[in-house]
Amino acid sequence: MPIATPEVYNEMLDRAKAGKFAYPAINVTSSQTLHAALRGFAEAESDGIVQISTGGAEFLGGQYSKDMVTGAVALAEFAHIVAEKYPVNIALHTDHCPKDKLDGYVRPLLALSKKRVDAGLTPLFQSHMWDGSAETLADNLAIAQELLEQARAAKIILEVEITPTGGEEDGVSHEINDELYTTVDDAIRTAEALGLGEKGRYLLAASFGNVHGVYKPGNVVLRPELLKELNDGVAAKFGKASPFDFVFHGGSGSTEQEIQTALENGVVKMNLDTDTQYAFTRPVAGHMFANYDGVLKVDGEVGNKKAYDPRTWGKLAEASMAARVVEATQNLRSAGNKIK
């Protein structure tokens, strides 16, 4: 199937919310990891989301120029072609973009998609994330209002992060402390500024103790039940039941119970990066260690071309990462739930 149209993406999110399941949002940094994600979704018979962070886009842009827009556009165009060979719907998304990178990443991509839409085409990406968690909530929401208007004009969904996610990703870091929990007041102020759909659809990355990366048990205290409090608090004020489409950040390493509670309380998208990075790299490391005399020209020997051929270890990496994506769809209940 082709990359999801705006209409299909909205249907995907609506089905997830109604069915209390969520889509894994898999970060990719290459054509290889893209194929691994697509393969995992296809094998699980799950629609899904593929996303590119600012660091991933910079990497994709090449180390000579490190241009984020070039990298993101190149992989998105590639995805629009190869995704047609996979029998699932895939939405393309850009992950965490802080204020100092908006002009070099999200704003140019929004403008590009607006031109495509004006020409009768679909947008290049289906959603973009604005990460204003390092700003005051007032400044965060002011920028979100501007971006939401532009996103709506380009038939794109905006994702906003209103309070911090702990840990570090692509140079943006927050301490692990009590500030990692969104309050009902934060949620009400968000609804007042961005509306509840009438100004454009948005996904809400609310914080309930989320932390990027994987930490040993006890270091991170997740409270996914907080999402119900946020929905209920906003519903009581505005009269709209279950008003938010929530995003679960820092999903790697979460327990099954934490994930299930999050799904019951309105999560429709869960980001996965750390676990899939490891799944991709682990078989490569195993291959290198097991075949060190073949991948290296030890003591002047010639090595073994079949051992160091990137296709040899690349196939192992793709299969391993795809399997981790399948596992994620099962945990999030999206497996077998693709749009027919």
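The rules we used
- The residue numbers shown here count from 1 along each chain, following its written sequence.
- At least 70 in pLDDT is required for a residue's local features to be given in this predicted model, at least 80 for side-chain atom pairs to be given and counted, and no such filter applies to totals for whole chains, interfaces and linings, which use all residues.
- Side-chain measures were taken over the full set of non-hydrogen atoms in the model, leaving aside hydrogen atoms and water.
- A pocket, in this scheme, is an open set of points on a 1 Å grid over the protein atoms alone with protein on both sides within 12 Å along at least 5 of 7 lines, while a cavity is a set where a 1.4 Å probe fits but cannot get out; residues line either one if an atom lies within 4 Å of a point.
- Grid points are joined across faces, edges and corners, and a volume is the space filled by probe spheres set on the points.
- Each helix is a run of H or I in the DSSP string that is no shorter than four residues. Each strand is a run of E no shorter than two, and both are numbered from the N terminus.
- Residues were grouped as follows: Ala, Val, Leu, Ile, Met, Phe, Trp, Tyr, Cys and Pro as nonpolar; Asp, Glu, Lys and Arg as charged; and all remaining residues, including Gly, as polar.
- An expected span of 1.5 Å times one less than the residue number is assigned to each helix.
- Bend, in this description, refers to the angle at a residue between axes fitted to the seven residues ending there and the seven starting there.
- A simple rule labels every residue: compare its accessible area, found with a 1.4 Å probe on the protein chains alone, to the largest value its type can have, and call it buried under 20%, exposed over 50%, or partly exposed in between.
- Following DSSP output, two strands are said to pair if at least two bridges run between them.
- Any two rings among Phe, Tyr and Trp, with Trp reduced to its six-membered ring, count as a pair given centres within 6.5 Å; such a pair is stacked if its planes are under 30 degrees apart, edge-to-face if over 60, and tilted if neither.

Enquirer: Talk me through empty space enclosed by the protein; I want residue IDs and the actual numbers.
Expert: Taking a probe equal in size to a water molecule and rolling it over the atoms shows the remaining empty space. Within the structure shown, the criterion is met by two cavities of 30 Å³ or more. Its volume calculated, the second largest cavity comes out at about 40 Å³. Lining the second largest cavity are Val 28, Leu 34, Val 50, Ile 52, Leu 75, Ala 76, Ala 79, Leu 92 and Phe 125. Going through the elements one at a time, strand S2 (48–52) and helix H4 (68–82) are the ones with two or more residues in the lining of the second largest cavity. A class-by-class count of the residues in the lining of the second largest cavity yields nine nonpolar, no polar and no charged.

Enquirer: Got a sec to walk through helix H10 (residues 274–290)? Specific residues and values, please.
Expert: Between its terminal C-alpha atoms H10 stretches 24 Å, which fits the 24 Å expected from 17 residues at 1.5 Å a residue. Helix geometry: H10 is bent most strongly at Thr 281, by close to 25 degrees, with proline Pro 283 lying one to four residues after it. Within H10 the residues assigned to the buried category are Asp 275, Thr 276, Ala 279, Phe 280, Pro 283, Val 284 and His 287.

Enquirer: Go over the pairing of strand S1 (residues 23–27) with me, naming the residues and quoting the values.
Expert: Of all five residues in S1, five are buried; the element is thus mostly enclosed. Pairing of S1 with strand S10 (residues 267–272), which is carried by four bridges, proceeds in the parallel orientation. Its bridge partner lying in S10, Tyr 23 is registered against Lys 269. By the bridge criterion, three bridges tie S1 to S2 in an arrangement that is parallel.

Enquirer: Can you explain unusual backbone geometry? Please cite residues and give values.
Expert: For residues that are not glycine, phi is negative in most cases, and the peptide bond is trans in most cases. Within the chain, Lys 155 stands out as a residue other than glycine whose phi angle is a positive 60 degrees. With respect to the helices and strands, the residue Lys 155 is situated in the loop between helix H6 (137–153) and strand S5 (157–161). Judged by relative accessible area, which is 47%, Lys 155 ranks as partly exposed. Even without a glycine there, the phi angle at Ser 242 is positive, about 45 degrees.

Enquirer: So, the packing of aromatic side chains: which residues are in play, and what are the values?
Expert: On inspection of all chains with the given rule, the structure shows four aromatic pairs. With a centroid separation of 5.5 Å and an interplanar angle of 85 degrees, the aromatic rings of Phe 21 and Tyr 23 are classed as edge-to-face. The exposure class of Tyr 23 is buried, given its relative accessible area of 0%. On the numbers, 5.7 Å between centres and 50 degrees between planes, the contact of Phe 244 with Phe 246 is tilted. Judged by its relative accessible area of 0%, Phe 246 falls in the buried class.

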